[in-house]
Amino acid sequence: MVVCRVCDTGTGIPDNQAEKIFEPFFTTKDVGKGTGLGLSISYGIVKECGGSIEAIPNPPHGTCFVLRFPMLDESPGKTPDEARETESADG
């Protein structure tokens, strides 16, 4: 398993909002100041990769997000540059 921890130094997430932060369109921002899609999209991407994401709020000292991903059992495929070179040579 690969674990990545990202922390900020903001005001933290209040307990009464922590359960909602990964819901689409949930935001604490004023109308017109944000859509509330950032964390829900992040959640979806992490889940699509077979991982998990957890928020650990620590008001008033910020929030940490812990992302966990499964390890790959195979070597990585071609890089985008290698793939383009192969396509150009074949074409």
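Everything in this summary refers to the structure shown in the same document. (Residues numbered from 1 in each chain as written. Predicted model: local features only at pLDDT ≥ 70, side-chain atom pairs only at ≥ 80, totals over all residues. Heavy atoms only, no water.)

**Some points on the environment of Asp8**
Then step 1. Topologically, Asp8 is positioned in the loop between β1 (2-7) and α1 (15-18).
Then step 2. When its relative accessible area of 39% is taken as the criterion, Asp8 is described as partly exposed.
Then step 3. In the structure, Asp8 is positioned 49 residues away from Pro57 in sequence and 9.9 Å away in space, judged by C-alpha atoms.
Then step 4. Every residue in contact with Asp8, bar those within four places of it in the chain, is listed here: His61, Gly62 and Thr63. (Helix = DSSP H or I, 4+ residues; strand = E, 2+ residues; numbered from the N terminus. Buried < 20%, exposed > 50% of the residue type's maximum accessible area, 1.4 Å probe, protein only. Contact = heavy atoms within 4.5 Å.)

**Quick look at the side chain of Thr63**
Then step 1. Its location among the elements puts Thr63 in strand β3 (residues 63-69).
Then step 2. Using a relative accessible area of 2% as the deciding quantity, one classes Thr63 as buried.
Then step 3. Here the side chain of Thr63 touches Ile13 through a polar contact of 3.4 Å, landing on its backbone nitrogen.
Then step 4. Among all residues touching Thr63, those that are not within four sequence positions of it are Val6, Cys7, Asp8, Gly12, Ile13, Ala55, Ile56, Pro57 and Asn58. (Polar contact = N/O pair within 3.5 Å; in protein donor to acceptor, adjacent residues only side chain to side chain.)

**Side note on the pattern of salt bridges**
Two side chains that carry opposite charge are able to pair once their charged atoms sit near each other.
Then step 1. Per the stated rule, a full pass over the model turns up one salt bridge.
Then step 2. Across the salt bridge formed by Arg68 and Glu54, the nearest N and O atoms sit 3.3 Å from each other. Highlighted residues: Arg68 in strand β3 and Glu54 in strand β2 (residues 52-57), separated in sequence by 14 residues.
Then step 3. Overall, the relative accessible area of 29% leaves Arg68 in the partly exposed class. (Salt bridge = Lys/Arg side-chain N within 4 Å of Asp/Glu carboxyl O.)

**Quick look at unusual backbone geometry**
Then step 1. Here the bond from Pro59 into Pro60 is cis, since omega is 0°, no more than 30 degrees from zero.
Then step 2. Looking at the secondary structure, you find Pro60 in the loop between β2 and β3.
Then step 3. For Phe25, which is not glycine, the phi dihedral falls at a positive 70°.
Then step 4. In this structure, Phe25 sits in the loop between α1 and α2 (38-48).

**Focus: the environment of Tyr43**
Then step 1. For Tyr43, the position within the fold is in helix α2.
Then step 2. For Tyr43, a relative accessible area of 33% gives the class partly exposed.
Then step 3. On a C-alpha basis, the gap between Tyr43 and Leu67 in space is 9.4 Å, while along the polypeptide they are 24 residues apart.
Then step 4. If sequence neighbours within four positions are ignored, Tyr43 has contacts with Phe22 and Ile53.

**A word on the layout of surface pockets**
Then step 1. Considered as a void within the structure, the largest pocket measures approximately 330 Å³ in volume.
Then step 2. Taken together, 19 residues make up the lining of the largest pocket; nearest its centre are Ile21, Phe26, Thr27, Thr28 and Leu39.
Then step 3. Residues that form the lining of the largest pocket fall into these classes: seven nonpolar, 10 polar and two charged. (1 Å grid on protein atoms, 1.4 Å probe; cavity = no way out; pocket = protein on both sides within 12 Å on 5 of 7 lines; lining within 4 Å. Points joined across faces, edges and corners; volume = space filled by probe spheres on them. Nonpolar A, V, L, I, M, F, W, Y, C, P; charged D, E, K, R; others polar.)

Honestly, it's all geometry; don't read function into it.
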